[in-house]
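# Summary of structural features
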Amino acid sequence: MAPLCQSLSGQLLLSLLVSLVPHTRATLYSTYSFNPLEHLGRVSPYFEPRDSQPSSPNPPQGCTVTRAAYLSRHGAINVNDDDYEDWIEPFLAKFVGHTGTDWAKIPPLNFLASYTPPLPAGSEPELVTRIGELESTQLANDITIRYPGLKVPSRVWASAPPRTFVSGEAFVRGIQTADNPVDLVSVFEGTEDGANSLVPYQACTAYHEGNDEAKTYREIFTKPIKARFNALAPEYNFTTTDVVGMILLCGYESVIRGDSPFCSLDLFSPDEWLGWEYADDIRYHYDVGYGNPLSGTIGFPWLNATADLLMQETADEDIYVSFSHRTLPSMAFVALGLFNNSAFGGTGATINDTMPLDRINPRRAWRTSEITPCLGNIAIERLACSGSYGFDDGDYYRALVNRAPQPIPGCTDGPGTSCSRSRFGEFIQERAAFNGGFSERCQVDYDNSTDIVSFYE
């Protein structure tokens, strides 16, 4: 046996030799990564962003969910009709008819040499893709796992158009069982139904979408892209329409074929994708967000009806699920006061200053990609809490957006920033005073309008 001193000397020598050999260690900074699909605004497929202050989606300590209501956008579709007519079709028609460029010799555009559009001429728009159906079914699976103690709903609601109704059908397939069939209720989309609809903005006479305020920044962020592409292929004469069409194809083609060459970071840099995302955020800020004075008014009836369903002592369902378009969930956010850029400073009168038209606000709360991707959803849960340290036993309420808890402004006196029953009731009354009066504020020009949602009854 070697003497102890020799053993120690050998260990020291070995340690010295190891220290001199290069080896891999964890770096101080994480590797940079960027996924364009998470920055496509209205076209983003479903994903769950990592919140800057991530809270657990699990119920707070001592609490269990006893009832829940979900409002979801439809699953991913092959293409929106306006996006196709305004941007994609003009680009594809120009591309297919152009023969003066040898794309194979022009990286990063060389994929165009053999590119086949995912949408043949005459394709029917606004159809839920297979990926969109899978997203909806996965939501059903997630809800089943999330609420093991709640009964399967007997009904699910969806607005009438195919993209929302098919999303509802896929959800029903995922949540129903042999012993618990689920009916899918089609909610008619009418222009004279007042607030009693999953598309109440169509019945709001005074409501108008924005006036393309996004155009200013759209031209700013596409200018260097057009210059770069036109330097590579001057005979093609890339325009803003071409660039936007290519960006939109990244999203739509990805949910049709599974991926898209238009998503390449060699084609558009991360900063350029962020430029597109901000332009889209401007658009929806003015269309359905805080930049439109009627957004909260149109979103409030759903919030009010949902609060009633959750606060009643008994209800027909443990879980209420509805499918609509991106507009209503966004307006429900405004009715709740979520994702308000001026929540911690400024006033409603200066809200548009938080979305400047000529430069990005990188600290904005209103990010369409994150809050209303395809199948983006808002849930409001009723919690029964007992033994939560520091809080009284009782019912509490909280909101989640795409599974991430979102503190309700001015209503966070419960466990895990939930809201007590008494404060939640007061909050709804305050929001009614601020956002209520659908028929009056919408200046409806038809008879028999209503300010309430009653189709859940």
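These lines cover the structure that appears in this document, whether it is placed above or below. Think of each chain on its own: its residues are numbered from 1, step by step along the sequence as written. Predicted model: local features are reported for residues with pLDDT of at least 70 only, side-chain atom pairs are reported and counted for 80 or more only, and whole-chain, interface and lining totals are derived from all residues. In computing side-chain values, all of the structure's heavy atoms are included and hydrogens and water are not.

When the sulfur atoms of two cysteines come within 2.5 Å, that pair is taken as a disulfide. Summed over the entire model, instances satisfying the criterion amount to four disulfides. Each sulfur of the disulfide joining Cys63 and Cys385 lies 2.0 Å from the other. Negative torsions about the S-S bond denote left-handed disulfides, and the value of about 110° found for Cys63 with Cys385 makes this one right-handed. Residue Cys63 is located in strand S1 (residues 63–73), and its partner Cys385 is located in strand S5 (residues 377–385); the two are separated by 322 residues in the primary sequence. As far as burial versus exposure is concerned, Cys63 and Cys385 are alike and both buried. Across the disulfide, Cys411 is cross-linked to Cys419 (sulfur-sulfur distance 1.7 Å). Helix and strand definitions here come from DSSP, where helices need a minimum of 4 consecutive H or I residues and strands a minimum of 2 consecutive E residues; each element is numbered from the N-terminal end. Remark: exposure states derive from per-residue accessible area (1.4 Å probe, protein chains only) relative to the maximum for the residue type, with buried under 20%, exposed over 50%, and partly exposed in between.

Right, let's get into unusual backbone geometry. Going from Pro107 to Pro108, the amide bond is cis rather than trans, its omega being 5°. Note on placement: Pro108 falls in the loop between helix H2 (81–97) and helix H3 (130–146). The backbone of Glu126 sits at a positive phi, close to 60°, despite the residue not being glycine. Counting through the fold element by element, Glu126 comes out in the loop between H2 and H3. With a phi angle near 75°, Arg403 is a residue other than glycine that sits in the positive phi range. Residue position: Arg403 is located in the loop between strand S6 (394–401) and strand S7 (404–406). Exposure remark for Arg403: the relative accessible area of 42% places this residue in the partly exposed category.

On to the nonpolar core. Take the buried Ala, Val, Leu, Ile, Met, Phe, Trp, Tyr and Cys residues and link them wherever side-chain atoms come within 4.5 Å; each set so joined is a nonpolar core. Core analysis: the biggest nonpolar cluster contains 54 residues, and Ile298, Trp366, Phe424 and Tyr456 have the highest contact counts within it. Elements with a contribution of two residues or more to this core: S1, helix H8 (295–311), helix H9 (327–336), S5, S6 and helix H11 (421–435). Among the elements that make up this core, the one with the highest residue count is H8 (nine residues). Not counting chain neighbours up to four residues away, the residues in contact with Ile298 comprise Pro200, Tyr201, Cys204, Tyr207, Leu328, Met331, Phe438 and Cys442. Core analysis: the second largest hydrophobic core is formed by 46 residues, Val43, Val244, Leu248 and Ala279 among them. Only heavy atoms enter the contact rule, under which two residues are in contact if any of them lie within 4.5 Å.

Within the secondary structure, Pro415 sits in the loop between S7 and strand S8 (419–420). A C-alpha to C-alpha distance of 8.2 Å links Pro415 and Cys63, two positions 352 residues apart in sequence. If near-sequence neighbours (up to four positions away) are discounted, Pro415 is found in contact with Pro60, Cys63, Cys385, Ser388, Phe391 and Tyr396.

Further remarks concern the pairing of S5. Taking burial as the measure, the nine residues of S5 include eight buried ones, the bulk of the element. Across nine bridges, the pairing between S1 and S5 is antiparallel. Among the inter-strand pairings, Ala68 is bridged to a residue of S5, identified as Glu381. For two strands to pair, DSSP has to find at least two bridges joining them.

This part is about helix H6 (residues 240–257). For a helix, the expected span equals 1.5 Å multiplied by the number of residues minus one. Here H6 is 18 residues long and its end C-alpha atoms lie 25 Å apart, about the 26 Å a rise of 1.5 Å per residue gives. By the criterion of burial, H6 is predominantly enclosed, with 15 of the 18 residues buried. Looking at the residues trailing H6, positive phi occurs at Gly258, about 100°.

Look at helix H4 (residues 162–175): 20 Å from first C-alpha to last across 14 residues, which is about the 20 Å you get at 1.5 Å a residue. Within the span of H4, buried status applies to Arg163, Thr164, Ser167, Gly168, Ala170, Phe171, Val172, Gly174 and Ile175. As for H4, its buried residues are in contact with H3, strand S2 (155–159), strand S3 (183–187) and strand S4 (319–324).

This part takes up the packing of H9 against H11. Interhelical geometry of H9 versus H11 gives an angle of 110° and a closest axis separation of 9 Å. Relative to H11, the element H9 lies roughly perpendicular. Of H11, the residues touching H9 (which contributes Val334, Ala335 and Leu336) are Phe427, Arg431 and Asn435. A per-class count over the contact of H9 with H11 returns four nonpolar, one polar and one charged. For every element, the axis is a line fit to its C-alpha atoms; helices are fit only across the contacting stretch, and the angle between N-to-C directions ranges from 0 to 180 degrees. Angular relationships are summarised with four words: roughly parallel below 35 degrees, roughly antiparallel beyond 145, roughly perpendicular across 65 to 115, and oblique for the angles in between. Classes in brief: Ala, Val, Leu, Ile, Met, Phe, Trp, Tyr, Cys and Pro nonpolar; Asp, Glu, Lys and Arg charged; the others, Gly included, polar.

Our next topic: a negative patch on the surface. For patch building, the residue pool is restricted to those with more than 30% relative accessible area and no salt bridge; the joining distance is 9 Å between like charges and 5 Å between nonpolar side chains (Val, Leu, Ile, Met, Phe, Trp, Tyr). Only the protein chains shown count as cover for residues, with accessible areas throughout obtained via the Shrake-Rupley method and a probe of 1.4 Å. Salt bridges are defined by distance alone: a side-chain nitrogen of Lys or Arg within 4 Å of a carboxyl oxygen of Asp or Glu. Working convention for charge: Lys and Arg count positive, Asp and Glu count negative, and His plus the chain ends are omitted. Throughout, a charge is located at the NZ atom of Lys, the CZ atom of Arg, the CG atom of Asp or the CD atom of Glu. On the surface, a cluster of negative charge is made up of Asp82, Glu85, Asp86, Glu89 and Glu209. Its location among the elements puts Asp82 in helix H2.

Structurally, the position occupied by Met355 is in the loop between H9 and helix H10 (368–371). The class of Met355 is buried, set by a relative accessible area of 1%. Separated by 74 residues in the primary sequence, Met355 and Asp281 place their C-alpha atoms 8.4 Å from one another. The residues touching Met355, leaving out its near neighbours within four places in the chain, are Tyr278, Asp281, Ile282, His285, Asn341 and Arg364.

In this section: the side chain of Thr164. With respect to the secondary-structure elements, Thr164 resides in helix H4. Each polar contact in these results corresponds to two N or O atoms within 3.5 Å; when the atoms are within protein, one needs to be able to donate a hydrogen and the other to accept it, and residues that are neighboring in sequence are counted only if both atoms are side-chain atoms. Side-chain polar atoms of Thr164 contact the backbone oxygen of Ser159, separated by 2.8 Å. Ignoring any residue separated from it by four or fewer positions in sequence, one finds Thr164 in contact with His74, Ala158, Ser159, Phe323, Ser324 and His325.

In this section: the pairing of S2. Across the five residues of S2, five count as buried, placing the element largely inside the fold. By the bridge criterion, five bridges tie S2 to S3 in an arrangement that is parallel. Each bridged residue has a counterpart across the sheet, and for Arg155 the counterpart in S3 is Asp183. Taken together, S2, H4 and S3 form a β-α-β motif whose crossover is right-handed. With two bridges joining them, S2 and S4 adopt parallel strand pairing. The residue of S4 that forms the bridge with Ala158 is Phe323. A crossover counts as right-handed when, viewed with the strands pointing away from the observer, the path leading from the first strand over the helix to the second turns clockwise.

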